[in-house]
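# Descriptive structure summary
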Amino acid sequence: MKTYIVGNWKLNFTVGEASIYLHKLLRKMSNYRDVEVAVAPSTIALQPLSLQVDRHKMKLCAQNAFYRDYGAFTGETSFNQLRGVADYAIIGHSERRYIFGEDDKMIAKKVAAAVRNRISPILCIGETESERAFGETADVIQDQLVSGLMDIAEDDIEKVIVAYEPVWAISSVKAAKLATPDEIAEVVRMIRQILVETYGAEKGEKVPILFGGSVNSSNAGAYLTVPGVNGLLVGGASLILSEFTGIIEVAKRVRS
Ligand code: 13P
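What comes next is a walk through the structure.

So, how was this worked out
- Residues numbered from 1 in each chain as written.
- Predicted model: local features only at pLDDT ≥ 70, side-chain atom pairs only at ≥ 80, totals over all residues.
- Heavy atoms only, no water.
- 1 Å grid on protein atoms, 1.4 Å probe; cavity = no way out; pocket = protein on both sides within 12 Å on 5 of 7 lines; lining within 4 Å.
- Points joined across faces, edges and corners; volume = space filled by probe spheres on them.
- Helix = DSSP H or I, 4+ residues; strand = E, 2+ residues; numbered from the N terminus.
- Nonpolar A, V, L, I, M, F, W, Y, C, P; charged D, E, K, R; others polar.
- Near = heavy atom within 4 Å.
- Polar contact = N/O pair within 3.5 Å; in protein donor to acceptor, adjacent residues only side chain to side chain.
- Areas by Shrake-Rupley, 256 points an atom, 1.4 Å probe, with all protein chains shown as cover.
- Phe/Tyr/Trp six-rings, centres within 6.5 Å; stacked < 30°, edge-to-face > 60°.
- Buried < 20%, exposed > 50% of the residue type's maximum accessible area, 1.4 Å probe, protein only.
- Lys NZ or Arg CZ within 6 Å of the ring centre and 35° of its normal.
- Pairing = 2+ DSSP bridges.
- Axes fitted to C-alpha atoms, helices over the stretch in contact; angles between N-to-C directions.
- Contact = heavy atoms within 4.5 Å.

One pass over the structure, following the stated rule, counts one cavity of 30 Å³ or more. By volume, the largest cavity amounts to about 30 Å³. Gly92, His93, Ser94, Arg97, Cys124, Ile125, Gly126, Gln144, Glu165 and Val167 together form the lining of the largest cavity. Of all the elements in the fold, those that place two or more residues in the lining of the largest cavity are α4 (94-98) and β5 (120-125). A class-by-class count of the residues in the lining of the largest cavity yields three nonpolar, five polar and two charged.

Written out as structure tokens, the structure reads:
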């Protein structure tokens, strides 16, 4: 399985800034067989960047889209419109769940819409600080994972990536804490077990599981060597070129 390094730029960078960043990033990158790199700019930047990106070196990821392909949905962009523009799409990020009120049902529809439009969904799941404190982590993971994948055909699981992002470890959250390798390993084991139970060992073992939450170039090595972790979803550090390229270098080292 490849190692995935995905930079989630969130609501940062104008189109011009995104283009300059991508230009610099592409210059620093070569083609790595075992490390798949993607960046997720704002929707408005996806189309121009898709003309600029060298897909042999890296891929583009959407941060969000709507599950209906077209119709009376003012203000939305569909996965259908992103077909061929984005290779991946982050779906179910905690910021979508808690700031924009997306529930598991909507997230499931978005996962299905992405798959239908040949975009690989990166389904984000993760417990909040209080859910962890109340011992609800396993239930939350089970619920978010199973319901997020509810609307896709069994065979389509091979297009899906799962990202474990404990909400309390995201750098922008007040008093964010670093997740420990043991905490991550435990949840990643649960995720793998659910995938294997639901889809069988052959398919369930192949789904990449990424970790996200305050990842930077100094801790990337520790997180990438957590048993069961197949890559990283990087927020804040992906906005700093030297940090992001540092993380990619670490991924290459870990894989070689
Ligand atoms: P940080 O890396 O800034 O904690 O963000 C994580 C995240 O939300 C990526 O999707």
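Having put the structure on the table, let's press on.
This paragraph deals with the site of the ligand. Near the ligand you find 13 residues, and of these Lys10, His93, Ser171, Ser214 and Gly236 are the closest. Glu165 is positioned such that a nitrogen or oxygen atom in its side chain is 2.8 Å from an oxygen atom of the ligand. A distance of 2.5 Å separates an oxygen atom of the ligand from a polar atom in the side chain of Ser171. Taken by itself the ligand offers 310 Å² of open surface, and the protein chains cover 98% of this. The residue inventory of the shell around the ligand, partitioned by class, reads four nonpolar, seven polar and two charged.

In total, this model carries eight aromatic pairs according to the counting rule given. Between Tyr164 and Phe211 the ring centres are 6.3 Å apart and the planes differ by 55 degrees, which places this aromatic pair in the tilted class. Linking Tyr164 in strand β6 (residues 161-164) with Phe211 in strand β7 (residues 209-212), this pair joins segments that are 47 residues apart in sequence. In this structure, Tyr164 and Phe211 share a single accessibility class: buried. Aromatic side chains Phe211 and Tyr223 sit 4.7 Å apart centroid to centroid with 50 degrees between the ring planes, which places their arrangement in the tilted category. Here Phe211, found in strand β7, pairs with Tyr223, found in helix α10 (residues 220-224); they are 12 residues apart in sequence, far enough to count as distant. Taken individually, Phe211 and Tyr223 each receive the classification buried, so the pair is uniform in this respect. Ring-pair connections join several aromatic residues into one group, and the members of that group are Trp9, Phe13 and Tyr21. The ring of Phe100 carries Arg96 above its face, with NZ or CZ at 4.1 Å from the centroid.

Counted as a void, the largest pocket has a volume near 490 Å³. Lining the largest pocket are 17 residues, and of these Thr43, Gln63, Asn64, Arg96 and Phe100 sit closest to its centre. Reported here for the second largest pocket is a volume of approximately 190 Å³. Met1, Tyr4, Tyr88, Ser120, Glu158, Lys159, Val160, Ile161, Lys206, Val207 and Pro208 are the residues that line the second largest pocket. Taken together, the residues that form the lining of the second largest pocket break down as seven nonpolar, one polar and three charged.

So, on to the sheet that holds β7. What the eight strands build is a closed barrel, ordered β1-β2-β3-β4-β5-β6-β7-β8; its pairing is parallel. The average undirected angle you get between the axes of adjacent strands in this sheet is 25 degrees. Pairing between strand β1 (residues 3-8) and strand β8 (residues 231-234): four bridges, direction parallel. Pairing of Val6 across the sheet is with Leu233, part of β8. Sheet strands touched by helix α5 (residues 104-116): β4 (88-91) and β5. Its angle to β5, the strand with the most contacts, is close to 160 degrees. Sheet strands in contact with helix α11 (residues 241-255) are β1, β2 (35-40) and β8, and its direction is about 170 degrees off that of β1.

Residues Ile161 and Ala163 line one face of β6 and the alternating positions Val162 and Tyr164 line the opposite face, and both faces are buried. Here β5 pairs with β6 via four bridges, running parallel. Each bridged residue has a counterpart across the sheet, and for Leu123 the counterpart in β6 is Val162.

Moving on, we come to unusual backbone geometry. Although it is not a glycine, Phe13 sits at a positive phi angle of roughly 75 degrees. Relative to the helices and strands, Phe13 resides in the loop between β1 and α1 (15-28). Although it is not a glycine, Ala175 adopts a positive phi angle of roughly 55 degrees. Summarising the element assignment, Ala175 is placed in the loop between β6 and α8 (181-199). Owing to a relative accessible area of 66%, Ala175 belongs among the exposed residues under this scheme.

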